[in-house]
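A look at the structure
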Amino acid sequence: MNWQRPILTDSGGFQVFSLSTLRKIKEEGVYFSSHIDGKKIFMGPEESMQIQSNLASTIAMAFDECVENPSTHEYSRLSCERTTRWLKRCKAEMTRLNQLETTINKNQMLFGINQGCVYDDLRIEHMKEIAELDMDGFAIGGLAVGEPTEVMYHIIEQVEPFMPKEKPRYLMGVGTPTNIVEAVYRGVDLFDCVMPTRNARHATVFTWKGILHATNAKYQLDDSPLDNECECDTCKNFSKAYIRHLFKANEQLAGRLCVEHNLYFYNTLMEKIREALDTGTFNEFRNKYSPLLATKL
Ligand SMILES: [Zn+2]
């Protein structure tokens, strides 16, 4: 894909648990059927590290079990214990791979992932355990899977004090612009999400005044750009009315233009957050934008 900047790869853990049918979890790993052709596949910590090593990403993620929500406390506890044992195997395998002559990126980093469903005690205990392993960074996983936003914020607040201060903190699969501002406020550094691209293809556009739906009838004759404050190519060249017309005509360019705008918006949002943190004005930034960016236009 010729991308000459940092790349993060996921372990496949979440995908195995969210997409596959007929999965069987054993101590050695997971046996499952492909959701595409039904083929039987085995993946354990070692296999996941080998695939990610071959992809030569900058950051690889640990192979973990993402338990369903809701899951019982007992099941979540046993799962967390196994995820810790798997993390140790991931680390050993990554260390081995990084020393091989044939490895493409010998400096590949490995992040551990905190699990524990919605149980404070399990989340904290698991975070303490994985913090003792000298990982390159730490992620909070298993959130943004349908639980209320307040539950997600609560769990971040519970585990954050036990995340090493000098290592990157990554909240997996989050989120809306407001979610990001609120998670940064609670100590998170890094995010990933399909939201700016997937939602764009369904005409949901993030702007500095809130969230708009580009197919809305009120934009039929609206000559203004998606966002007056935005300097992306979409906003510099196209009107809401034209983009709405493209969606109504089922023209693929509609999604393409909105994806470009949303990605530009997210990148600008992160720039402004870093700037606010550097200049000590983050609290003002949060007070203004946390409610504003969630406004439905
Ligand atoms: Zn724009």
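Above this note sits the structure.
My aim in this report is to walk through the structure given alongside it, one point at a time. Not measured: the values here are computed from a predicted model.

1. Section: the packing of aromatic side chains
By the definition in use, this model includes nine aromatic pairs. Centre to centre, the rings of Phe206 and Tyr266 are 5.6 Å apart; their planes meet at 80 degrees, and the pair counts as edge-to-face. Residue Phe206 is found in strand 10 (residues 204-207), and its partner Tyr266 is found in helix 10 (residues 253-278); the two are separated by 60 residues along the sequence. Assigned by exposure class, Phe206 and Tyr266 land together as buried. Look at Phe265 and Tyr266: their rings are 6.2 Å apart centre to centre, the planes differ by 70 degrees, and that puts the pair in the edge-to-face class. Residue classification places Phe265 among the buried positions, given a relative accessible area of 2%. In textbook terms, an aromatic cluster arises when at least three aromatic residues are bridged by ring pairs, as seen for Phe206, Trp208, Phe265, Tyr266, Phe282, Phe285 and Tyr289. Over the aromatic face of Trp86 sits the side chain of Arg82, whose NZ or CZ is 5.8 Å from the ring centroid. The ring of Trp208 has Lys272 lying over it, and the distance from NZ or CZ to the ring centre is 4.8 Å.

2. Brief notes about the sheet that holds strand 3 (residues 29-33)
Pairing is antiparallel across the open sheet formed by three strands, whose spatial order is 2-3-4. Every interior strand has two partners, whereas the edge strands, strand 2 (21-26) and strand 4 (40-43), have only one. The sheet shows a mean angle of 15 degrees between the axes of neighbouring strands, taken without regard to direction. Here strand 3 runs beside strand 4; their pairing, made up of four bridges, is antiparallel.

3. Quick notes on the side chain of His261
Tracing the chain through its elements places His261 in helix 10. Taking relative accessible area as the criterion, His261 reaches 0% and is therefore assigned buried. Of note is the side chain of His261, whose polar atom sits 2.7 Å from the backbone oxygen of Phe206. Other than its neighbours up to four places away in sequence, His261 contacts Val205, Phe206, Thr207, Leu226, Asp227, Cys230, Cys232, Thr234 and Cys235.

4. Let's talk about the environment of Asn179
As for its position among the elements, Asn179 is in helix 6 (residues 177-185). In the structure, Asn179 is positioned 37 residues away from Gly142 in sequence and 15 Å away in space, judged by C-alpha atoms. Sequence-distant contacts of Asn179, that is, excluding residues within four places in its chain, are made with Thr149, Met152, Tyr153 and Val174. Here Tyr153 takes part through its side chain, which lies 3.1 Å from a polar atom of the side chain of Asn179.

5. Examining the coordination of the zinc ion
Ligation of the zinc ion by protein atoms is provided by Cys230 (SG), Cys232 (SG), Cys235 (SG) and His261 (ND1), these donors lying 2.1 to 2.3 Å from the ion. Read in sequence order, the donor residues for the zinc ion give the motif C-x1-C-x2-C-x25-H. With Cys235 in helix 8 (residues 233-237) and His261 in helix 10, this residue pair connects regions lying 26 residues apart in the sequence. Each member of the pair, Cys235 as well as His261, is classed as buried.

6. Some remarks on unusual backbone geometry
Backbone phi values are negative for most residues with the exception of glycine, while trans is the configuration of most peptide bonds. Omega for the bond connecting Asn69 with Pro70 falls within 30 degrees of zero, at 10 degrees, which places this linkage in the cis form. You can see Pro70 is positioned in the loop between strand 5 (59-61) and helix 3 (73-98). Omega for the bond connecting Val174 with Gly175 falls within 30 degrees of zero, at 5 degrees, which places this linkage in the cis form. With phi around 55 degrees, Ala144 is a residue other than glycine that occupies positive phi space. Locating Ala144 in the fold gives a position in the loop between strand 7 (137-140) and helix 5 (149-159).

7. Here's the deal with the sheet that holds strand 7
Pairing in this open sheet of six strands is parallel, and the strands run 1-5-6-7-8-9 from one edge to the other. Of all strands in the sheet, those bounded by a partner on one side alone are strand 1 (8-9) and strand 9 (190-191). Of the pairings in the sheet, the one linking strand 5 to strand 6 (residues 109-114) comprises three bridges and is parallel in character. In the sheet register, Ala60 faces strand 6, and the bridge partner there is Leu110. Across the sheet, helix 2 (residues 45-55) lies against strand 1, strand 5 and strand 6, angled at about 160 degrees from strand 5, the strand it touches most. With respect to the sheet, helix 3 is in contact with strand 5 and strand 6, its orientation differing from that of strand 6 by roughly 180 degrees.

8. A closer look at helix 10
Owing to its 3.6 residues per turn, the α-helix aligns residues three or four sequence positions apart on the same side. With 26 residues, helix 10 ought to run about 38 Å at 1.5 Å a step, and its terminal C-alpha atoms sit 38 Å apart, in line with that. Within two residues after helix 10, Gly280 carries a phi angle of roughly 70 degrees, on the positive side.

The rules behind the values
Residues numbered from 1 in each chain as written. Predicted model: local features only at pLDDT ≥ 70, side-chain atom pairs only at ≥ 80, totals over all residues. Heavy atoms only, no water. Phe/Tyr/Trp six-rings, centres within 6.5 Å; stacked < 30°, edge-to-face > 60°. Helix = DSSP H or I, 4+ residues; strand = E, 2+ residues; numbered from the N terminus. Buried < 20%, exposed > 50% of the residue type's maximum accessible area, 1.4 Å probe, protein only. Lys NZ or Arg CZ within 6 Å of the ring centre and 35° of its normal. Pairing = 2+ DSSP bridges. Axes fitted to C-alpha atoms, helices over the stretch in contact; angles between N-to-C directions. Polar contact = N/O pair within 3.5 Å; in protein donor to acceptor, adjacent residues only side chain to side chain. Contact = heavy atoms within 4.5 Å. Donors = N, O, S within 2.8 Å, 3.2 Å for Na, K, Ca; no water. Expected span 1.5 Å × (residues − 1).

Function-wise, these values are silent; they only describe arrangement.
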